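Each chain is listed here by its residues.
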Amino acid sequence: MDVLLDNTDIFVRGFRNTLLLFVFSAAASLVLGTVLAMLRVSPVPVFRAAGTAYVTIVRNTPLTLVFFFFVFAFPLLKIISQDDYTPFIGAVIALSLYTAAFVCEVIRSGINTVSPGQMEAARAVGLTFGQTLGSVVLPQAARSVVPPMISTMIALLKNTTVAAGFSVVEAGAIRDYLSERGESVLVGLLWVAFIFVILVIPLTLLQRALEKRWSVAR
Amino acid sequence: MSVNTALFDFPGPKARIRHRIYAAVGVIAIAALLGFVIWRFADSGQFDARRWEWIQYEYVQVALVDALVNTLRAFAAGAVLALAFGAILAAGRLSDHAILRVPAAAIVEFFRAVPLVILIFVFHYGFSLGSPFYSVVLGLMLYNGAVFAEIFRAGVLSLPRGQSEAAYAIGMRKTQVMNLILLPQALRAMLPVIVSQMVVLLKDTALGFLITYKELLDYARYLGGIAEFGRPLIPLTIVVAALYIAMCLLLTWLANYLGRRERRSEKHVEHDDRLEKQVEAV
Amino acid sequence: MKLRSLAAGLLVSALALTGCGKEGSPTGGGQAPTQEAASDVTVEGSPTFDKIKARGKVVVGVKEDQPGLGYKDPTTGEFSGFDIEIARLVAAKLGFDATKIEYKAIPSAGREQAIINGDVDYYVGTYTINDKRKEQISFAGPYFVAGQDLLVRKDDTSITGPETLKGKKVCSVTGSTPIQRVRDQGLTEAGNIVELQTYSQCVTQLDQGQVDAVTTDDAILKGYAAQEPDKFKVIGKTFSEEPYGIGLPKDDKALRDKVNDILQTALDDGTWQSIYDATLGKSGATAEKPTLDRY
């Protein structure tokens, strides 16, 4: 308990950054993932190919390598001025691009679960593509999208810890500071693990509850 | 065209022209993006011959293969142990006795909730396990074992009730029903999910980089800092990424191949694929 | 299917590459004197030495990316530098010649852990002796005294010393003494401190302009500057004293005394000087002999 109480500043700072990383990357990856999913179901073959290529490449690349690229290679593109490019921004970009591929797959398979008959019926009554998607497909797809999406977000929350190796002070980096202060690293790490359990379990329970409810309704 | 026929009408002449315009714009946009990236890298000299020279040296090639072998070693050990651990946990979770079921469930939930990085840190920095290899493998085993346990359990639960009922009806005991009837079918049904979790496991070996396990990415970091070769970080990132993607695709291909063979097989049993989605991990 | 065959092709060609290739190094290196292995060495009451003896070889923790100190030639796998020679000297006097040494490259952040875990027998790699580290491990030496300095891009005139770092991005290694000093003395804003795992990563970022200065001991920085004199320069105003020690397991006093004896002899009989001249001294800089700190 002492390790936690004597070093609250580090724990608070670490987990605050972890949550910030999570919130920014979650927002960005949801947007990007949705765009990618739209590309992947689009009637234009080029868009589909581009979406598929992105998902295939990113899903088969380790997150650590994505980080590696965004800390060292990305600045060479000079999209963001060198002065503004902090490791935190690099971490957000890496996490967002990585998670977007998984978000895309969740949304796409969600759309796939809606039976083609629904769409055909919607078209038959004269709805436009936008109306079909907005009023018929997406509301139904949401039921099979939300539970796995929560899993993806849990994974994102856990993945933020990789940033510790790339100069971002978050939960994974608490160890460095504890060892600098000569505190017990083991106890500190177990506290970090415990806090993650506390953060993740409610999300898991929510996911299960939604899944149970909606799988009956379907 | 599986989705598209449902989402869209077959395009008429106007729509076809519109799609062609979109396609042209799309190609230009993607080409422009790729061109920009390549131009920037070329501009900063990343494609100069000097930055690719390293690949010609025999020692570098051998060292790269060594690093690759280390990655695969961690993967192989982690995969075998995780499967075994997962099987034990799944047996616990499916047990009729709460005394086994509850702890098994708690273990599964715990290891699924703790980030793998933290697990590996606990073993390496907390318990001082010696060579980083052990910490990496142990972390991979515990985390993926927990995921495999869920996969196995979902596989067993997804089988039609009639299977176990029929087995009980002809007088089999619990273990017999599990070992002879349920497990073989569940494993078969879950093979694609198991292999895709293997891909996750393979990718996660790269976390060994954080505790200086001498794997592929660690070698890329070392060689990427060598001034004689002009710090070839981007060429190395490209090569290492290609290696990882190739290995993962090979595994995915194996999964698809096994899946296809399974569907052709006469022993195929329809199972509830919603359960499969539940346990899909990132 | 196309993508898959492309990936498969890449893998095959990557493997095929191992079949043909250049040998040797793009640059030649100077040779330091070879050390004769001593025979019949005993270190009474040292568990580490017993372990080494049983294994038949020494496992030494070193740096692999610090030119002049601890550097691994990427094309031959040979280690060279001042630290490496000191490591070889110690091994030789313990009775193991250069062929019986296994080098393990371990970056700064993993040093204590590698010694505690028994991953290495001893560590020689720009390892500053301080009290906090002495709680976890022990040190023989110092065998060299360096001082914290700054490495900047050649054309940068805005940084002239530690007091001019405000508003500049400063890079060093995670958990290293120099970056703690920058933090504690507030030499630059907390948001401008970049911590990476190795110095060469920092130098790469300096080269690319992502950071403005790399800070650590002058000996390390001089190595990088000497390697690419047209790109980098060392400011040359040291603002600390960094005594380098040989990291050893904490409770092994017997081995620590033995290593200190070895170092003392080398300082007295000129071996230390000849090692220095063949490695760090090649840049023309001279160095004071350190005084051992036995405890």
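How each quantity is defined
Residues numbered from 1 in each chain as written. Chains lettered and ligands numbered in written order. Predicted model: local features only at pLDDT ≥ 70, side-chain atom pairs only at ≥ 80, totals over all residues. Heavy atoms only, no water. Helix = DSSP H or I, 4+ residues; strand = E, 2+ residues; numbered from the N terminus. Buried < 20%, exposed > 50% of the residue type's maximum accessible area, 1.4 Å probe, protein only. Contact = heavy atoms within 4.5 Å. Areas by Shrake-Rupley, 256 points an atom, 1.4 Å probe, with all protein chains shown as cover. Rg over C-alpha atoms; globule rule 2.2 N^0.38 Å. Lys, Arg positive; Asp, Glu negative; His and termini not counted. Charge placed at Lys NZ, Arg CZ, Asp CG, Glu CD. Domains from an automatic or database assignment. Buried area = accessible area lost by both parts, 1.4 Å probe. Salt bridge = Lys/Arg side-chain N within 4 Å of Asp/Glu carboxyl O. Nonpolar A, V, L, I, M, F, W, Y, C, P; charged D, E, K, R; others polar. Core = buried A, V, L, I, M, F, W, Y, C linked by side-chain atoms within 4.5 Å. Polar contact = N/O pair within 3.5 Å; in protein donor to acceptor, adjacent residues only side chain to side chain. 1 Å grid on protein atoms, 1.4 Å probe; cavity = no way out; pocket = protein on both sides within 12 Å on 5 of 7 lines; lining within 4 Å. Points joined across faces, edges and corners; volume = space filled by probe spheres on them. Pairing = 2+ DSSP bridges. Axes fitted to C-alpha atoms, helices over the stretch in contact; angles between N-to-C directions. Right-handed = clockwise from strand over helix to strand, strands pointing away. UniProt positions renumbered as here; feature names shortened; annotations may be inferred. Disulfide = S-S within 2.5 Å. Phe/Tyr/Trp six-rings, centres within 6.5 Å; stacked < 30°, edge-to-face > 60°. Lys NZ or Arg CZ within 6 Å of the ring centre and 35° of its normal. pLDDT = per-residue confidence, 0-100.

Helix and strand content of chain C: 10 helices and 13 strands. Per-residue burial for chain C yields a buried fraction of 57% across its 295 residues. Taking as baseline every contact in chain C between residues at least 6 positions apart, the subset at least 24 positions apart corresponds to 72%. Of the roughly 11900 Å² that chain C leaves accessible, carbon and sulfur atoms contribute 51%.

For chain B, the count of helices and strands is 11 helices and 0 strands. Put simply, chain B runs from its N terminus to its C terminus through helices and strands in the order α-α-α-α-α-α-α-α-α-α-α. Relative to a compact globule of 282 residues, whose C-alpha radius of gyration would be 19 Å, chain B shows 24 Å and is clearly more extended. Here the C-alpha coordinates of chain B stretch approximately 75 × 70 × 30 Å along the principal axes. Here chain B, with 282 residues, has 54% of them falling under the buried criterion. Restricting the contact set of chain B to residue pairs at least 6 apart, pairs at least 24 apart contribute 73%. Measuring between centres, the 27 positive side-chain charges of chain B sit 5 Å from its 21 negative side-chain charges.

Here we come to the domain arrangement of chain C. Residue and element names in this part refer to chain C. Its domain assignment divides chain C into domain 1 (47–146 + 243–283) and domain 2 (148–234). Using C-alpha coordinates to define each centre, domain 1 is positioned 25 Å away from domain 2. Counting residues at the interface gives 18 residues for domain 1, matched by 17 residues for domain 2. At the boundary of domain 1 with domain 2, total buried surface from both sides reaches about 1200 Å², with 54% on carbon and sulfur atoms. Of all residues in domain 1, the largest losses of buried area upon contact with domain 2 belong to Asp65, Pro67 and Ala146, amounting jointly to 34% of the total for that side. Across the domain 1-domain 2 interface, the total number found is 0 salt bridges. Those elements giving two or more residues to the side of domain 1 that touches domain 2 turn out to be strand E2 (65–66), helix H5 (131–134) and strand E7 (137–146). Looking at the side of domain 1 that touches domain 2 residue by residue, the class counts come to 9 nonpolar, 5 polar and 4 charged.

Moving on to the nonpolar core. It is characteristic of soluble globular proteins that their nonpolar side chains tend to be buried jointly. By size, the foremost hydrophobic cluster in this structure holds 204 residues, and its most contacted members are C:Phe82, C:Tyr122, C:Phe144 and C:Ile246. Residues contacting C:Ile246, with those up to four places away along its chain left out, are C:Ile86, C:Val90, C:Tyr122, C:Tyr123, C:Val124, C:Ser138, C:Phe139, C:Ala140, C:Tyr143, C:Val259 and C:Leu263.

Here we take up the interface of chain A and chain B. Tallying the contact residues gives 62 residues for chain A and 58 residues for chain B. Here chain A and chain B share an interface that buries about 5300 Å² over both sides, 74% of which is from carbon and sulfur atoms. For the pair chain A and chain B, the interface holds 1 salt bridge. Note that A:Arg208 and B:Glu109 form a salt bridge whose closest N and O atoms lie 3.1 Å from each other. Counting every contact that joins chain A to chain B gives 4 residue pairs in polar contact (both at pLDDT 80 or more). For the side of chain A that touches chain B, the secondary structure elements donating two or more residues are helix H3 (45–59), helix H4 (63–73), helix H5 (87–113), helix H6 (116–124), helix H7 (129–159) and helix H9 (185–217) of chain A. If one sorts the elements of the side of chain A that touches chain B by residue count, H9(A) sits on top with 15 residues. Classifying every residue of the side of chain A that touches chain B gives 39 nonpolar, 14 polar and 9 charged.

Attention now goes to empty space enclosed by the protein. Applying the stated criterion across every chain, the model contains 7 cavities of 30 Å³ or more. In this structure, the second largest cavity occupies an estimated 180 Å³ of space. Contributing to the lining of the second largest cavity are 16 residues, with A:Arg175, A:Asp176, B:Tyr125, B:Leu210 and C:Gln197 lying nearest its centre. At the level of elements, helix H8 (174–180) of chain A together with helix H5 (116–126) of chain B are the ones that each hand at least two residues to the lining of the second largest cavity. Ranked by residues supplied to the lining of the second largest cavity, first place goes to H5(B) with 3 residues.

This next bit is on the sheet that holds strand E10 (residues 193–196) of chain C. All names here are of chain C. In space, the 5 strands of this open sheet follow the order E10-E9-E11-E8-E12, with mixed pairing throughout. Sheet topology places E10 and strand E12 (232–234) at the edges, where each strand pairs with a single neighbour. Going from strand to strand, the sheet's axes swing by 30 degrees on average, the running direction of each strand aside. Pairing geometry for strand E9 (residues 170–173) and E10, over 4 bridges, is parallel. Considered in E10, the bridge of cysteine 171 is made with valine 194. Helix-sheet contacts for helix H6 (residues 177–184) involve strand E8 (148–153), E9, E10 and strand E11 (213–217), and the interaxial angle to E10 is about 160 degrees.

To continue, consider the pairing of E9(C). Residue and element names in this part refer to chain C. Handedness of the crossover is the feature at issue here: the chain leaves E9, passes through H6, returns alongside E10, and the resulting connection is right-handed. Note: E9 against E11, 2 bridges, orientation parallel. If you follow cysteine 171 over to E11, its bridge partner there is valine 214.

Further remarks concern the UniProt feature "transmembrane region" (unreviewed entry) in chain B. All names here are of chain B. Under the local residue numbering, the UniProt record ascribes the feature "transmembrane region" (unreviewed entry) to residues 21–42, 74–92, 104–127, 133–152, 189–213 and 233–258. As annotated, residues 189–213 has a helix share of 64% and a strand share of 0%, and its two end C-alpha atoms lie 35 Å apart. Measuring from the first to the last C-alpha atom of residues 233–258 gives 37 Å, for a span that is 100% helix and 0% strand.

On to the state of the cysteines, then. All told, the structure shown has 1 disulfide over all chains when counted by the stated rule. Across the disulfide from C:Cys171 sits C:Cys202; the S-S distance is 2.0 Å. Handedness of the C:Cys171-C:Cys202 disulfide follows from its S-S torsion of about -65 degrees: it is left-handed. In this pair, C:Cys171 is assigned in strand E9 and C:Cys202 in helix H7 (residues 199–208), connecting sequence segments 31 residues apart. On the accessibility criterion, C:Cys171 (0% relative accessible area) is buried. Between A:Cys104, a cysteine without a disulfide, and B:Cys248, which holds the nearest cysteine sulfur, the sulfur-to-sulfur distance is 18 Å.

Residue and element names in this part refer to chain B. Taken N-terminus to C-terminus, the directions of helix H3 (residues 58–94) and helix H9 (residues 216–224) make an angle of 150 degrees; their axes are 7 Å apart at the nearest point. For the pair formed by H3 and H9, the contact residues are Val60, Ala63, Leu64, Ala67, Leu68 and Thr71 on the first element and Leu216, Tyr219 and Leu223 on the second. Residue composition of the contact of H3 with H9, by class: 8 nonpolar, 1 polar and no charged.

All names here are of chain C. Extensive coverage of E7 is indicated by the burial of 9 of its 10 residues. Of the strand pairs in this sheet, E7 and strand E13 (residues 242–249) are connected by 7 bridges, and their pairing is antiparallel. Following the sheet pairing, isoleucine 137 is matched in E13 by proline 249.

What the rule picks out here adds up to 32 aromatic pairs over all chains. Each residue in the set C:Phe82, C:Tyr143, C:Phe144, C:Tyr244, C:Trp272 and C:Tyr276 is aromatic and connected to the rest through ring pairs, giving one cluster. Seen from the ring of B:Phe121, A:Arg175 lies directly overhead, with NZ or CZ sitting 5.9 Å from the centre.

Take the confidence of the model for chain B next. Residues and elements named next belong to chain B. Averaged over every residue, the pLDDT of chain B is 84; residues scoring 70 or more account for 90%. Confidence, read as mean pLDDT per element, is least for helix H11 (residues 273–278) in chain B (47) and greatest for helix H6 (residues 132–157) (92). Taken together, the stretch residues 274–282 has pLDDT below 50 and engages in 24 contacts with residues farther than four places along the chain or on a different chain.

A few words now on the sheet that holds strand E3 (residues 70–72) of chain C. Spatially, E2-E3-E4 (chain C) is the arrangement adopted by the 3 strands of the open sheet, whose pairing is antiparallel. Strand pairing shows two members of the sheet lacking a second neighbour, E2 and strand E4 (79–80) of chain C, which therefore form its edges.

A word on unusual backbone geometry. Residue and element names in this part refer to chain B. The backbone of threonine 212 sits at a positive phi, close to 60 degrees, despite the residue not being glycine. Tracing the backbone through its elements, the reader meets threonine 212 in the loop between helix H8 (174–204) and H9. Threonine 212 gets classed as buried once you look at its relative accessible area, which sits at 14%.

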